[in-house]
Amino acid sequence: MKQKIALLVIVLIIIGGSIYVLEKQKQGPESADNKESEQNNIVFSPPRAGENGAPELVGLTGYINTDESISLEKLRGKVVIVDFWTYTCINCIRTLPHLVEWDRKYRDKGLVIIGVHAPEFDFEKKFENVQAAVKKYGIEYPVVLDNNYKTWRAYNNRHWPHKYVIDATGVIRYDHIGEGKYEETEKKIQELLAERGEEVDMPLSTVEDRTPKKVQTPELYAGYEFNLPRGQNIGNDIGLQKGETVSYTLPERILQNKIYLEGSWTSNPGNLEAAADDAAIVIDFVAGAVNIVATSLVPSEMKVFLQNQYIAEEFAGDDVQISSGRSIVPVSSPLLYNVMRGEHGRYKLKLVVKKGFSFNAFTFG
């Protein structure tokens, strides 16, 4: 009996640890034909430290803070970070302050950061949306759009975020998947800059590491091309009906870590879209923060309830506005909206939206 209990404890620890590790990164397309790659279980091996020269930037579709002349060949002699990201990925967003600080601190020492923006959702392919995100997050280093995953595939990349640190000779000397290890990464930057003769004997950056340290609800997708392959069907008994509009009712029991719908919703490949006013989303989750990737056909308001009441100011996310006892998030552009931020724990969130509102995913922190 004791052996069975011990085995069960070990299994639970492994599962919890796996969720924690996955939440620090987001798995993305394995190739330009990512769906086929996933189905065929293709295993890719990204270039690693000290092997061959870093792959060139190829197949780019847009340029921000730079132009078409940018290339790794022309940057030979510099230390370069190639950072794969996408602008609604919370894991990427939490790394951006560190990249912005390194750019400020080491640009004059010979560091060049290149943000390779590889989209997850279709709206992330739009130049104007990426440009707005670059401005929002204070990014002044070059950002290139890799809408067709050509550079992503050249690196055999599979995750957002993923940083490749390249030395002055063009060789990848270090890479890191996901969040965290900022001190280790910065030490490598200093080491490679010193190799090219720069004086970098300076304190490490003090930007806060906001990587989640506790087990939390994993990312939950809305579109059937994203959630069904991951075994993430919604919690309502009827489930998703591909391409159909369904009127949902909430069951008596709400299970943890599942999306539940109330009212009329249309199931699309990449999102769920409210087909009538007063449609609602309910989630029982474990985390200290909740974000939703959402947009609306016309400017709209999303009502935010926590524990069956309008969310209080102490738990309101960065995008929540509280007025006259109502807590709402204005929704228009396709963005990641922070709806809740507080102490880590278990909560029940309800969002009430209007016709034309759609959402792609929930992420937690």
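One can find the structure itself at the top, above this paragraph.
Summary of the structure given here. (Residues numbered from 1 in each chain as written. Predicted model: local features only at pLDDT ≥ 70, side-chain atom pairs only at ≥ 80, totals over all residues. Heavy atoms only, no water.)

## Structural notes on the pairing of strand E17 (residues 326–331)
- Inspection of the sheet shows strand E14 (residues 300–306) paired to E17 by four bridges, in the antiparallel sense. Within the sheet, the bridge partner assigned to Met 302 lies in E17 and is Val 329.
- Looking at chain direction, strand E16 (residues 321–323) and E17 are connected through three bridges and run antiparallel. Each residue of the ladder has a partner; that of Gln 321, found in E17, is Ile 328.
- Between the antiparallel neighbours E16 and E17 lie two residues, among them Ser 324 with a positive phi of about 55°. (Pairing = 2+ DSSP bridges. Helix = DSSP H or I, 4+ residues; strand = E, 2+ residues; numbered from the N terminus.)

## Focus: the layout of surface pockets
- Empty space within the second largest pocket amounts to approximately 670 Å³.
- Forming the walls of the second largest pocket are 29 residues, and the residues nearest its centre are Ile 90, Arg 94, Arg 210, Ala 289 and Arg 341.
- Mapped by element, the contributors of at least two residues to the lining of the second largest pocket are helix H3 (90–106), strand E13 (279–296) and strand E18 (335–353).
- Considering each element in turn, the lining of the second largest pocket owes the most residues, seven residues, to H3. (1 Å grid on protein atoms, 1.4 Å probe; cavity = no way out; pocket = protein on both sides within 12 Å on 5 of 7 lines; lining within 4 Å. Points joined across faces, edges and corners; volume = space filled by probe spheres on them.)

## A closer look at the environment of Val 143
- Tracing the backbone through its elements, the reader meets Val 143 in strand E5 (residues 143–145).
- Along the backbone, Val 143 and Trp 85 are 58 residues apart, and their C-alpha atoms lie at a distance of 9.8 Å.
- Those residues in contact with Val 143 that lie beyond four places of it in its chain are Gly 62, Tyr 63, Ile 64, Thr 66, Trp 85, Gly 115, His 117, Val 130 and Val 134. (Contact = heavy atoms within 4.5 Å.)

## Examining empty space enclosed by the protein
- Scanning the entire structure with this criterion turns up one cavity of 30 Å³ or more.
- A volume near 40 Å³ is recorded for the largest cavity.
- Contributions of two or more residues to the lining of the largest cavity are made by helix H4 (127–136) and E18.
- Its residues assigned to classes, the lining of the largest cavity shows six nonpolar, no polar and one charged. (Nonpolar A, V, L, I, M, F, W, Y, C, P; charged D, E, K, R; others polar.)

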